[in-house]
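Observations on the model geometry
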Amino acid sequence: MLDEKTPGTSRCITLHHDATGFPCLVAAKADAQVVCVDPALAHPNVRLVTNAYVARLETNASVAR
């Protein structure tokens, strides 16, 4: 059932009645990757940095949402 060319549009292919703890190959779970990380990375001014130490985050209220 997995459409390998466009996995995000495939039907659910889980073999587990409870998919908790298993990655979803079709991005159907409302986990941090699907809800936060992937949408954020769709913006040209966002990049993912791994193994980084963050001491402080500075925000600006004038930035458009």
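Description of the structure in this document. (Residues numbered from 1 in each chain as written. Predicted model: local features only at pLDDT ≥ 70, side-chain atom pairs only at ≥ 80, totals over all residues. Heavy atoms only, no water.)

Topic: the pattern of salt bridges
Let me state the cut-off plainly: When a carboxyl oxygen of Asp or Glu is within 4 Å of a side-chain nitrogen of Lys or Arg, the pair counts as a salt bridge. Classification of residues uses two cut-offs on accessible area relative to the type maximum, computed with a 1.4 Å probe and protein chains only: under 20% is buried, over 50% is exposed, and between them is partly exposed.
This model, assessed by the stated rule, comprises one salt bridge. Between E58 and R56 there is a salt bridge; the shortest N-O distance is 2.7 Å. Given the relative accessible area of 63%, R56 is considered exposed.

Here we look at a nonpolar patch on the surface
Cut-off, in case you're wondering: Residues enter patches when their relative accessible area tops 30% and they take part in no salt bridge; the joining distance is 9 Å for like charges and 5 Å for the nonpolar side chains Val, Leu, Ile, Met, Phe, Trp and Tyr. All accessible areas in this document rest on Shrake-Rupley with a 1.4 Å probe, and a residue is counted as covered only by the protein chains that are shown. Here a helix means four or more residues in a row that DSSP labels H or I, a strand means two or more in a row labelled E, and each is numbered from the N terminus.
A grouping of L41, V46 and L48 is seen on the molecular surface, where their side chains present a nonpolar patch of about 240 Å² in accessible area. With respect to the helices and strands, the residue L41 is situated in helix α1 (residues 32-41). The class for L41 is partly exposed, based on a relative accessible area of 35%.

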